[in-house]
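Listed below are the residues making up each chain.
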Amino acid sequence: MNKLKQIFASVAALTLMSGVAHAEYGLNMPVGVTETSRQVYDLHMLILWVCVAIGVVVFGAMIYSMVYHRKSQGAVASQFHESMTAELVWTVIPFIILVVMAIPATKVLIEMHDSSEADMTVKITGYQWKWHYEYIGEDLDFFSSLDAASNEARQVGSGIDPSTVADYLLNVDHPLVIPVGKKVRFLLTAEDVIHAWWVPDFGWKKDAIPGLINEAWVIVDEPGVYRGQCAELCGRDHGFMPIVVEVKSEADYATWLVAQKVAKQVAKLAAIEDLDPRELKRAGKKVYRANCIACHQKKGEGLPGVFPAINGSAVATGDINKHIDIVMNGKKGTTMAAYKDQLTDLELAAVVTYQRNSLGNKVGDAVQPAEIAALR
Amino acid sequence: MSSENAYYIPHDAKWPIVGSVGLTLLLGGFANELNGSTSASSVMAVGFLVLVYMMFGWFGEVIAESETGTYRHVEDASFRMGMAWFIFSEVMFFAVFFGALFYIRVFSVPWLAGEGVGVSTNEFLWPNFEATWPTNGPGDVGGEYQKMGAWGLPAINTLLLLTSGVTCTWAHWGLIANKRKQLIVGLALTVLLGFAFVGLQALEYSHGYQELNLTLGSGVYGSTFYMLTGFHGFHVTVGAIMLTVMLFRSMKGHFTPENHFAFEASAWYWHFVDVVWLGLFIFVYWL
Amino acid sequence: MTTVTETHDDHHDHGPAKGLMRWVTTTNHKDIGTLYLIFALIMFMIGGAMAMVIRLELFQPGMQFIDPSFFNQMTTVHALVMIFGGVMPAFVGLANWMLPIMIGGPDMALPRMNNWSFWILPFAFAMLLGTFFMDGGAPASGWTIYPPLVLQGGNGFPFMIFAIHMMGISSVMGAINVIVTILNMRAPGMTLMKMPLFVWTWFITAYLLIAVMPVLAGGVTMLLTDKFYDTTFFNAAGGGDPVLFQHIFWFFGHPEVYILILPAFGVVSEIIPTFARKPLFGYSSMVYATSSIAFLSFIVWAHHMFTVGMPLQGELFFMYATMLIAVPTGVKVFNWVSTMWKGSMTFETPMLFAIGFVIMFTIGGFSGLMLAIAPADFQYHDTYFVVAHFHYVLVTGAIYAIMASAYYWLPKWTGNMYNERHGQIHFWISTVSVNVLFFPQHFLGLAGMPRRIPDYSIQFAEFNMWSSIGGFVFGLSQVFFCYIVYKTIKGGEKATDQVWEGANGLEWTLSSPPPYHSFTTAPVIK
Ligand code: HEA
Ligand code: HEA
Ligand code: CUA
Ligand SMILES: [Cu+2]
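Residues numbered from 1 in each chain as written. Chains lettered and ligands numbered in written order. Predicted model: local features only at pLDDT ≥ 70, side-chain atom pairs only at ≥ 80, totals over all residues. Heavy atoms only, no water.

Student: In this structure, what is going on with the overall build of chain C? I would like to understand it.
Tutor: In terms of regular secondary structure, chain C is built from 15 helices and zero strands. Taken over the C-alpha trace, chain C has a radius of gyration of 23 Å; the compact-globule value for 526 residues is 24 Å, and the two agree within 12%. Classification of the 526 residues of chain C by burial places 74% in the buried group. A separation of at least 24 residues holds for 83% of the contacts in chain C among residues at least 6 apart in sequence. Placing the 20 positive and 25 negative side-chain charges of chain C at their respective mean positions leaves the two points 11 Å apart. (Helix = DSSP H or I, 4+ residues; strand = E, 2+ residues; numbered from the N terminus. Rg over C-alpha atoms; globule rule 2.2 N^0.38 Å. Buried < 20%, exposed > 50% of the residue type's maximum accessible area, 1.4 Å probe, protein only. Contact = heavy atoms within 4.5 Å. Lys, Arg positive; Asp, Glu negative; His and termini not counted. Charge placed at Lys NZ, Arg CZ, Asp CG, Glu CD.)

Take a look at the structure:
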């Protein structure tokens, strides 16, 4: 009922203020912030206008004849039904138009394929349903998934109005950061199924395919935050694996890089200390919400027949080593992935502890980050 | 029966619906079986029997019509074209498996080994992989295995099938010249050679599985090898059964030198199977 | 070869058998055509109902009604049902009804097989739709069933594969029947270049069918063995390649979209001359254009895969080849316009739908051409721009042509005129709403909305709402269409034999409805 009211209200609002309505929304392809994206935009507009022009001619002729060659206007049908000349004309002219379009298209395509002489390389790996970024040669890598606010709001029946969430569905916890004006080469691959990495402002998308690597590159002209989404159906949460790229000035980028490395060391040190199980549980809830909820569901009830429940699960209430094992190493042949490389020692310890002592389970034991580290 | 120029249109075809039920039981049972059900194989068996029943009934009806002179030139032409285009569709079915083999050998394996667009693939994901054929891939899927040689059983099988093509044509000549004995002997030889082929292939498979550790799971080599030869073997079996039916019909005195579409259809099918085998021998075993 | 002169057998003057068994065991091309058409209409409703679920969830941002994986099931099965259950059977139904009549033959060439082609379909779709009730639900990998995603499917997976096999068997048998009928059953004097264009386009479509359905069958078989028998066709670790499946699928899939549109071209080429009261312009170039389209359709498949990382030469080749298709298609469009030119036109419902077809199909064709430009497709690919493209060619293309032929031939089939006012209302509501439904999707795609997502960011809210409203209205107007068809079958003003003033062709020389056996005496072709 509530839903219906909401729908009616929005329909009413829409009809009242259509045109002036809320927010900025695009009608056309973005021009983007790279040389490539501008070329693609120009190509797009070129073909569009050619098509519009041809459309005007063709539909114009049709409409003219529908108006003037109507029986009710007393039109008498001529009986001509063949003309070699006409057929030739409308074979050759479109062909020429196509050639004219193909020339710039070929040029752009060739340039896009040239990923040589890059200043730096980032390896991007698609996971169900997050991205992993690895700065080649920098000892820096991290996962990037949908931010918590959007994630909360997008659950079925969450009751949260998406328009109150900043950048709903287009925000992540850890954005990719790259420097402005440098040629950045991307190596795209995937862990489980095919994904596609797409930031419209860069002018292209490319598939991330398990077992293969595709290459692409950008040189971004302006610092800023650019958003995109996974663009290849990759399962249940395909709609919820956005991409955010922060483009920083060279100096800011360098500072950021150092800060990241320091933070990583600090996290490593922190993981050595033993933590209060309650602390672990609290941390685990976050990890669970970010990584596991999609399949095992909010209350750990799972989806019967597809994803097992954690609530009352034999694994999550039985031998803790088995539990740790399935989380770290996954289960081959199922969608249960190996989280060993996706989560830190602390996160792994936390999520296991959380699953055993929450979601309807009360085992009472806990696992410490150091124990996880020992298992690696 | 029908008057001189009529096109024969049968009435009340009941076999198709039987066929649909059979097919559904067979495939539905199979799907359940794949999903791990334990009782599904009996459903499959029932489905299979229903299909066999359908074929006996359907073909029986057509044979009876044929033998009572229902069909004349027009109907015969329809059957011929129908069979020809059916074989064409079968050619396309094999084409996709050959296509997969070529794609894997020409593109996928070299790319994994770093050629062309595969430079980074090789460098970052499969650094130690080199392109060879046969291969079970950079993941060494299925473990150590050996290649199936071309010049043992497969060569003998090539000989068998080629000979069977000759005996089949010889039988056809016999039929056209109304030499019934030549027809029957020729057919019998063809059928014999056909089943011998199937038997030898079974032997070859057991050799592959037991001694070479070459299985369906031996990477793309195992996959393409068994799928291509397996579907071919299945077609040989079907063709041999068709020819067996022709043999029995010949012994019962069916067919005349002018009117023997069923025989020709089976012969076409047999030659088609033969040609596919040559492709297999060259691209799967030899090169 | 074409020596059919007269049809007669001892059952000749009996009508059909009575009761349900008449329909189950029939070998009559009209009965089977009717079965196909009704089946297609039911499937259109089922597929349409799924589209309504999609549009409902997309009405507003936020997840309102369904789980994301159910959304994916809806998208997948919507497409499979519409394509394999709606459009294809509808055209096979039209072929069954009209081909024998149009070429002056008594029936289809292989009547028993004709029955089987149809009677496999209900079983195949029962299997496909049955997956909704299985563990893991229906397939949710998109109709393109790409591995490795599709291999994650639940218990429904093998059922879907086998359902596709069965649809393939049905289509191949249907296609063989069409080819043989056209080659072998023409009345004396009906030379190939005298055949109506609907017959021609179906002839070529049938070749596409027997060439590509087995390819799909092979491809899905490899999926099956990859999942259950450890093969590694689509697994790089074993030396295979997930992209290989995409090549196989689109080698089938691209010709498939022409399978869906060539018969539509044929229908429109029948209807426009009738209501322009003027012979079709450029008959022979229409035939050659159709053949060129069919030929080209085999060498353009990878335009669906520009983003998979093909070598440059590959992308260039597929881009050029795809662009070329605009030439023969343009020839067809220009010929239709020239047929209308200086005609004496009236605008009954079939003509309205045919004109709607020409205009909106061309719009869809233009967006197709834009997609063909590889560098631009890097932006368009897998967005709602693509969704807009293919619904323009499929809904306002194929479906509009089917609607046009339904209105055009219903009086012939039933002997009753449909209600013209109702037809006009149906056309105008549909045409306005379908554009509200699909035109904004162009903007959505360009602005960056990916396809196959159950929820979207706020910036897309406006156009999605319009699109959904258009969708609901369009859906309701199709319910109205069902009502019109029902009323026409039940009764109405009696139709004359010729039905339309400007109609030409053998079908209009028979009574309305035609006798149970079409041409018992072969007609004489001038
Ligand atoms: C009936 C179905 C149908 C038809 C007829 C077409 C026709 C065409 N299609 Fe379309 N297409 C689909 C159904 C169809 N398509 C579907 C279902 C998909 C998506 C599948 C999926 O991913 O799920 C798709 C996707 C699709 C893509 C992939 C997009 C992507 O995923 O990134 C491309 C790319 O090239 C494409 C191109 C074309 C072209 C060039 C034509 C041409 O045939 C169009 C030719 C017509 C004209 C151009 C108009 C008339 C011509 C003139 C008036 C002459 C003068 C014109 C000029 C010179 C410009 N189509
Ligand atoms: C011939 C093929 C065909 C046809 C006819 C249609 C018809 C329609 N399609 Fe679809 N569609 C596809 C082929 C087709 N589609 C394909 C191939 C895809 C891609 C799938 C994929 O990504 O894998 C797709 C995907 C697709 C999407 C994208 C989904 C996604 O990416 O997640 C959407 C979204 O709007 C959509 C909408 C519609 C609508 C509203 C109609 C309407 O025209 C339907 C109108 C008909 C009815 C509505 C039925 C009649 C009415 C009733 C049964 C009563 C109930 C009515 C009401 C409650 C109003 N389709
Ligand atoms: Cu990842 Cu879609
Ligand atoms: Cu295509």
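Student: Explain the site of ligand 2 here, please?
Tutor: Residue and element names in this part refer to chain C. With respect to spatial proximity, 34 residues lie near ligand 2, and among them Arg55, His78, Trp143, His391 and Arg452 are the closest. Measuring from an oxygen atom of ligand 2, one finds a side-chain N or O atom of Arg55 at 2.8 Å. Within the contact set of ligand 2, an oxygen atom lies 2.8 Å away from a backbone nitrogen or oxygen of Trp143. Within the residue set of the shell around ligand 2, elements represented by two or more residues are α2 (29-57), α3 (68-102), α13 (384-414), α14 (420-447) and α15 (461-490). (Near = heavy atom within 4 Å. Polar contact = N/O pair within 3.5 Å; in protein donor to acceptor, adjacent residues only side chain to side chain.)

Student: Where do I start with the interface of chain B and chain C in this structure?
Tutor: The figure often quoted for interface size is the accessible area lost as the parts come together. Listed per partner, the contact involves 69 residues of chain B and 72 residues of chain C. It is Tyr7(B), Ile9(B) and Trp85(B) in chain B that bury the most area against chain C; as a group they hold 11% of the surface buried on that side. Inspection of the region where chain B meets chain C yields two salt bridges. As a salt-bridge pair, Arg112(C) and Glu61(B) come within 3.0 Å of each other at their nearest N and O atoms. In this assembly, chain B and chain C are joined by 20 residue pairs in polar contact (both at pLDDT 80 or more). At the level of secondary structure, the elements contributing two or more residues to the side of chain B that touches chain C comprise α1 (15-34), α2 (40-67), α3 (73-112) and α7 (219-251) of chain B. Ranked by residue count, the leading element in the side of chain B that touches chain C is α3(B), at 21 residues. (Buried area = accessible area lost by both parts, 1.4 Å probe. Salt bridge = Lys/Arg side-chain N within 4 Å of Asp/Glu carboxyl O.)

Student: Would you explain the coordination of the iron atom of ligand 1 in this entry?
Tutor: When four donors bind a metal tetrahedrally, each ideal donor-metal-donor angle is 109.5 degrees, and when six bind octahedrally, the ideal angles are 90 or 180 degrees. Residues and elements named next belong to chain C. You will see that the iron atom of ligand 1 has only one donor from the protein, His389 (NE2), lying 2.2 Å away. The distance between the iron atom of ligand 1 and the copper ion (ligand 4) comes to 4.5 Å. If you trace the backbone, His389 turns up in helix α13. (Donors = N, O, S within 2.8 Å, 3.2 Å for Na, K, Ca; no water.)

Student: Teacher, can you tell me more about the interface of chain C and chain A here?
Tutor: The interface of chain C with chain A comprises 104 residues on the first partner and 102 residues on the second. Buried area between chain C and chain A, both sides added, is near 8800 Å², and the carbon and sulfur share of it is 71%. Where chain C meets chain A, there are two salt bridges. Residue Arg236(A) is joined to Asp67(C) by a salt bridge in which the shortest nitrogen-to-oxygen separation is 2.7 Å. Seen at the junction of chain C and chain A, the total is 24 residue pairs in polar contact (both at pLDDT 80 or more). The element best represented in the side of chain C that touches chain A is helix α10 (residues 326-340) of chain C, accounting for nine residues. A breakdown of the residues in the side of chain C that touches chain A according to their chemical character gives 62 nonpolar, 28 polar and 14 charged. (Nonpolar A, V, L, I, M, F, W, Y, C, P; charged D, E, K, R; others polar.)

Student: Explanation requested: the environment of Phe474(C) in the structure shown.
Tutor: Residues and elements named next belong to chain C. Turning to its location among the elements, Phe474 is positioned in helix α15. Overall, the relative accessible area of 8% leaves Phe474 in the buried class. For Phe474 and Ile429, which are 45 residues apart along the polypeptide, the C-alpha to C-alpha distance reads 7.2 Å. In this structure Phe474 touches Val395, Tyr400, Ser430, Ser433, Val434 and Leu437, once residues within four positions along its chain are discounted.

Student: Hey, could you run me through the domain arrangement of chain B in this one?
Tutor: Domain boundaries in chain B define domain 1 (9-70) and domain 2 (74-286). Distance between the C-alpha centres of domain 1 of chain B and domain 2 of chain B: 25 Å. (Domains from an automatic or database assignment.)

Student: Would you mind going over the site of ligand 1 with me for this structure?
Tutor: In the vicinity of ligand 1 there are 31 residues, among which Trp143(C), Tyr258(C), Asp377(C), His381(C) and His389(C) approach most closely. Near ligand 1, residues from chains A and C are present, making the site a shared one. Contact between ligand 1 and Trp143(C): an oxygen atom at 2.8 Å from a side-chain N or O atom of the residue. Measuring from an oxygen atom of ligand 1, one finds a backbone N or O atom of Ala372(C) at 3.3 Å. Taken together, the elements giving at least two residues each to the shell around ligand 1 come down to α7 (242-276), α10, α11 (349-372) and α13 of chain C. A per-element tally of the shell around ligand 1 places α11(C) first, with seven residues. Its residues assigned to classes, the shell around ligand 1 comprises 19 nonpolar, 10 polar and two charged.

Student: Would you explain the nonpolar core in this entry?
Tutor: Here is a general trend for soluble globular proteins: nonpolar side chains tend to be buried in one another's company. Counting 362 residues, the largest nonpolar core has Trp197(A) and Phe357(C) as the members making the most contacts within it. Contacts of Trp197(A), omitting those with residues within four sequence positions, involve Ile124(A), Trp131(A), Tyr133(A), Leu176(A), Phe186(A), Leu188(A), Phe202(A), Trp204(A), Lys205(A), Lys206(A), Ile243(A) and Val245(A). (Core = buried A, V, L, I, M, F, W, Y, C linked by side-chain atoms within 4.5 Å.)

Student: Is there a simple way to explain the packing of helix α6 (residues 277-291) of chain A against helix α10 (residues 345-357) of chain A in this structure?
Tutor: Helix packing for two helices is described by the angle between their axes and how far apart those axes are. All names here are of chain A. The contact between α6 and α10 brings their axes to 7 Å, and the two run at 95°. The angle between α6 and α10 places the two elements in the roughly perpendicular class. Every residue of α10 that contacts α6 at Pro277, Leu280, Lys281, Ala283, Gly284, Lys285, Val287 and Tyr288 is listed here: Leu346, Glu347, Ala349, Ala350, Val351, Thr353, Tyr354, Gln355 and Asn357. Of the residues contributing to the contact of α6 with α10, the split by class is 10 nonpolar, four polar and three charged. (Axes fitted to C-alpha atoms, helices over the stretch in contact; angles between N-to-C directions. Parallel < 35°, antiparallel > 145°, perpendicular 65-115°, else oblique.)

Student: Is there a simple way to explain the confidence of the model for chain C in this structure?
Tutor: A low pLDDT means the predicted coordinates there should not be read in detail. All names here are of chain C. With 96% of its residues at a pLDDT of 70 or more, chain C shows a mean pLDDT of 92. Scored below 50 in pLDDT, residues 1-13 shows 39 contacts in the model against residues more than four places distant or in partner chains. Here the predicted complex carries an ipTM of 0.90, next to a pTM of 0.90. (pLDDT = per-residue confidence, 0-100.)

Student: Looking at this model, I keep getting lost on the pattern of salt bridges. Mind explaining?
Tutor: Going through the model one piece at a time under the given rule, you end up with 27 salt bridges over all chains. Glu501(C) serves as the salt-bridge partner of Arg277(C), at 2.6 Å between the closest nitrogen and oxygen. Of the two residues, Arg277(C) sits in the loop between α7 and α8 (283-296) while Glu501(C) sits in the segment after α15, which places them 224 residues apart along the sequence. Given a relative accessible area of 16%, Arg277(C) falls into the buried group. It is possible to trace a salt-bridge network through shared partners that takes in Arg154(A), Arg236(A), Asp237(A) and Asp67(C).

Student: Help me understand the coordination of the iron atom of ligand 2 in this model?
Tutor: All names here are of chain C. Protein coordination of the iron atom of ligand 2 is provided by His78 (NE2) and His391 (NE2), with donor distances spanning 2.0 Å. With six donor atoms in place around the iron atom of ligand 2 and angles of 87 to 179° between them, the coordination shape is octahedral. Of this pair, His78 sits in helix α3 while His391 is found in helix α13, placing the two residues 313 residues apart along the sequence. Across the pair, His391 and His78 agree in class, each one buried. (Tetrahedral: all angles 85-135°; square planar, octahedral: opposite > 155°, others 65-115°.)

Student: Sorry if this is basic, but what is going on with the pairing of strand β9 (residues 224-230) of chain A here?
Tutor: Residues in a regular strand project their side chains so that they alternate between the two faces of the sheet. Residues and elements named next belong to chain A. Relative to β9, strand β6 (residues 195-199) runs antiparallel, the two being bridged by two bridges. Counterpart to Trp198 in the pairing with β9 is Gln229. Where β9 lies against strand β10 (residues 242-248), six bridges are found, and the strand directions are antiparallel. Along β10, the bridge assignment pairs Tyr226 with Val245. (Pairing = 2+ DSSP bridges.)

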